[in-house]
Each structure stands twice: as C-alpha cells, then as structure tokens.
Amino acid sequence: MLKIKNLSYGKDKKILKNINLEIPKNEIFAIIGPNGAGKSTLSSIIMGLIKDNVDGEIIFENKLINNLEIFERARLGMTMAPQSVAEFEGITVSEYLDLSKKYAINNWFSDKEEVLKLVGLNPKKYLNRFVDNTLSGGERKRIELASILFFGPKFVILDEIDSGIDFTSIEDIGKILHILKDKDATILMITHNEKLLDFATKAALLCNGEIIKTGSPKEIKDFFEKCKVCELEDKIKEVNNRE
Ligand SMILES: Nc1ncnc2c1ncn2[C@@H]1O[C@H](COP(=O)(O)OP(=O)(O)OP(=O)(O)O)[C@@H](O)[C@H]1O
Ligand SMILES: [Mg+2]
C-alpha cells in the first residue's frame, strides 16, 4: 500500500536518513522511537506537509506521490491525526464531523452519535461544543479519531494518538485501531509508548533519523527496551566534546 524508498530529509543536518519502509495493506504498522527521533517529521513528509529538502520516493498504491499536495493525498484516501491537533474557531464538533463526511472516502458510519460514543465521548455533551481551545487535549484527540472514522480512509497515520488520552483508556485506542483494521484500512501508528505495540501487526524502531530495525511488534519491543545505541552515541559525543 505504502512504500518509502531511500527517503532522506534535511538541508545541512539530515533529520531523516535513507529510510526504507514497506507497509502492506491492512497492516497496523508501528514506528516507535525516542523523542526527537524524526517520527513526526516522517509523518508530515508522508502526508505532504513537508515537501522541500526531501529526497527519495513515497509511493502510495503504486503511484509516486512526492509532488502531490496534502488535499490530493487526502483524495487518494490518506489522512493523519497529527501529534498536536489543530483548533478550529467557530466550528462545532457536529459541523467538523459533517466536513469529514463531505470528503469521505468510505461511508463507514453515518450516525455522529454512534461515532462519538465509539471514541468515548457523550454525544449530548459534545456535538454542539466548538472545536477550539475550550476542549481539553484528550477530548480534541478523541474528536480527531471520530472525524477519521467518518472520513473512512484507506491509509491513516496516527501520530502519538495516546498523548493526552488517559492511560486507563489505552484499551479504547485498541478498540478504534481494530475498527479501522476491520474496515480494511492500513494504519501507520507513530508512538513512543511500548504498550501500543501490543496492538500492532508489524513494527520498526526509528532512532536518530534512521530505521534501526523492522520486525514483529514483540521483537521491536524487546529490542527497544534493551537498546543502548542512543546511550552509546551520547557517550561518544561527550568524549568527543571533552577532547
Ligand atoms: N524545522 C525544523 N528545523 C530544525 N530542526 C527540526 C525541524 N523540524 C524538526 N526538527 C528536529 O528534528 C528532530 C526530529 O523531530 P520530530 O518532531 O520528527 O521528532 P519525534 O520523533 O516526533 O519526537 P517526539 O517523540 O518528541 O514527538 C528533532 O531533533 C527536531 O528538533
Ligand atoms: Mg513527534
């Protein structure tokens, strides 16, 4: 479904270095990595928010999409829940969901109340609220998930989808991931939370702009827990700085 070939990003300093990834249809592909690894940058490049200083190929359903604008990628069925979700002054949750529906790729759901319940929000309380900074971060993230369910994407990037959502609700996230998978979507789940790897079907570790390892979620979880690569690099830098 999505192939990334020899992707590098950055002008002087390379933030991403020679990334190669293949995400087959209907996979829940997790990319895990520490803060600053380049995960959100990679999401933004795949979605078309960053286009300059990008080398390599992004291929979606056998089509090279490097030059496509965000809305053109959305029309192909791609969408993203960004790490920091945007606020929309003057638009209610109900209108926001209508917008998603207007541009929907698949009509998975038609009932706003049903979708809000699925993401753990009481429709009566939220349908007429504004999608602005009066909503908490977690509420905003849940509304973003509702809007994705209404959009019915072929491919969705979820960047730190659990950030802001209470820890005890991690099962809610698992539930949404399984709805997306059951509806035949392909998911790229960006996270630094090892617990979310339990929901993945495949995983990769991104560190310092490079894919260090790809494998089963368990392999990557075990490797990530024991990984000392960054620590070693920090030590080398420390020694170099001293000399
Ligand atoms: N426009 C920019 N100019 C300079 N540096 C940048 C720019 N955008 C990102 N970076 C740097 O690139 C690196 C990767 O950032 P990115 O946001 O992709 O990390 P991340 O893996 O998503 O981290 P987190 O887990 O904290 O969300 C960071 O060191 C960041 O400071
Ligand atoms: Mg990030």
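Refer to the structure presented above.
Residues numbered from 1 in each chain as written. Chains lettered and ligands numbered in written order. Predicted model: local features only at pLDDT ≥ 70, side-chain atom pairs only at ≥ 80, totals over all residues.

### Things to note about helix H8 (residues 217–226)
Residues Pro217, Ile220 and Lys221 constitute the buried set of H8. Along the axis of H8, the buried positions cluster into a sector of 100°, meaning they face one direction only. Opposite the packed face of H8, turned more than 90 degrees from it, sit the exposed residues Lys218 and Lys226. Looking at the buried side of H8, the elements it contacts are strand S3 (28–32), strand S9 (202–207) and strand S10 (210–215). (Buried ≥ 20, exposed ≤ 12 C-beta atoms within 10 Å, placed from the backbone. Helix = DSSP H or I, 4+ residues; strand = E, 2+ residues; numbered from the N terminus. Arc of directions from axis to C-beta. Contact = placed C-beta atoms within 7 Å.)

### Some words on the nonpolar core
Ala30, Ala146, Val156, Ile187 and Met189 are the most contacted members of the largest nonpolar core, which has 66 residues in total. Considering each element in turn, this core owes the most residues, seven residues, to helix H6 (residues 137–151). Sequence-distant contacts of Ala30, that is, excluding residues within four places in its chain, are made with Met189, Thr191, Leu196, Leu197, Ala200, Ala203 and Pro217. (Core = buried A, V, L, I, M, F, W, Y, C linked by C-beta atoms within 7 Å.)

### What to know about the sheet that holds strand S7 (residues 155–159)
The six strands are arranged S6-S7-S8-S3-S9-S10 in an open sheet whose pairing can be described as mixed. At either end of the open sheet lies a strand with only one pairing partner, and these are strand S6 (78–81) and S10. The average angle at which neighbouring strand axes cross in this sheet is 20°, direction not considered. In terms of strand pairing, S3 meets S9 through four bridges, oriented parallel. Paired with Phe29 across the two strands is Lys202, which belongs to S9. Against the sheet, helix H7 (residues 170–182) makes contact with S3, S7 and strand S8 (186–191), and its axis sits at roughly 155° relative to S8, the strand it touches most. (Pairing = 2+ DSSP bridges. Axes fitted to C-alpha atoms, helices over the stretch in contact; angles between N-to-C directions.)

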